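In case you want the letters, here they are:
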Amino acid sequence: AFLETAADKAAGEDPVLREWTEGRLECLRLAGDEQSGLQTLRKLYEAEPEDPFWGRRLAGTLLASNEMKEGFALYEKISAGDKDDYGAAMTCYQLAVGLKKPEKAAVFKKRLFAALRKQPQILQQLANRWSNSQNLQWAFEAWKLLGEIPAFSSNGYAAYEAAELAQLESERALASLREQA
């Protein structure tokens, strides 16, 4: 009964709050009716394809439903529509890697770093995170890129971090060669 009431009232709801639409989606989610929830989100996305909210919501739900290819295709569209969206680029990169699409992964990695160049504070946070998580190649690329941004290159810290990571990586490579010998 609630789903029918919510569907009826959705037509006249506040387009920003969408309280009846959200209530209906939450009810479907809690009931475990994944297919009806996806169907509803698809209709909302088709009705408002320019609204970034529905595209992201649908893409996330598709991924949660293990509909990886369709979710990836939608995230690709989202990323193409906003090349400065580093979150969409990162998601696309991760999905491309998971779906074993190395060419697309390379495109999205490049797009990710191009978007992060415009957000140097976030790039610095990620560089630190990647350094701490032993993702040294990504950390090196991030510190190197920060060294090219005037506000971050003036004190030499980014260059220092990039050089330290390069040295660490060379020490690891030497240790690996010694183990193989």
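Structure: above.
In short, a report on the structure. No experiment lies behind these values; they were computed from the predicted model shown.

### A look at the packing of aromatic side chains
- With the rule as written, the count across this model stands at eight aromatic pairs.
- The interplanar angle of 50° and the centroid separation of 5.8 Å between the aromatic rings of Phe113 and Trp130 together place this pair among those described as tilted. Taken together, the positions of Phe113 in helix H7 (residues 102-117) and Trp130 in helix H8 (residues 120-132) put the pair 17 residues apart, joining distant regions of the chain.
- Their ring planes at 75° and their centres at 5.1 Å tell us that Trp130 and Trp138 sit as a pair that is edge-to-face.
- An aromatic cluster is built from Tyr93, Phe113, Trp130 and Trp138, whose rings are joined through pairwise contacts.

### What about the nonpolar core?
- Core analysis: the largest hydrophobic core is formed by 42 residues, its most contacted members being Tyr75, Leu123, Trp130, Trp143 and Leu146.
- Elements that contribute at least two residues to this core include exactly helix H3 (34-47), helix H4 (52-64), helix H5 (68-81), helix H6 (86-98), H7, H8, helix H9 (136-147) and helix H11 (157-180).
- Contacts of Leu123, omitting those with residues within four sequence positions, involve Phe113, Leu116, Ala142, Leu145, Leu146 and Ile149.

### Thoughts on the side chain of Lys109
- With respect to the secondary-structure elements, Lys109 resides in helix H7.
- Once residues within four sequence positions are removed from consideration, Lys109 is found in contact with Tyr93, Trp138 and Glu141.

About the criteria used
- Along each chain, residue indices are assigned from 1 in the same order as the chain's sequence is written.
- Side-chain atom pairs in this predicted model are given and counted only at pLDDT of 80 or more, local residue features only at pLDDT of at least 70, and totals for whole chains, interfaces and linings cover all residues.
- Calculated side-chain values reflect all of the structure's heavy atoms, with hydrogen atoms and water omitted.
- Whether two aromatic rings pair depends on their centres lying within 6.5 Å, for rings of Phe, Tyr and Trp, where Trp uses its six-membered ring; planes under 30 degrees apart make the pair stacked, over 60 edge-to-face, and the rest tilted.
- Strands here mean DSSP runs of E at least two residues long; helices mean DSSP runs of H or I at least four residues long; both are numbered from the N terminus.
- We call a set of buried Ala, Val, Leu, Ile, Met, Phe, Trp, Tyr and Cys residues a nonpolar core when their side-chain atoms join them within 4.5 Å.
- Burial classes follow relative accessibility: with a 1.4 Å probe on protein chains only, a residue under 20% of its type's maximum area counts as buried, one over 50% as exposed, and anything between as partly exposed.
- Contacts were defined at the residue level, with two residues in contact if any of their heavy atoms lie within 4.5 Å.

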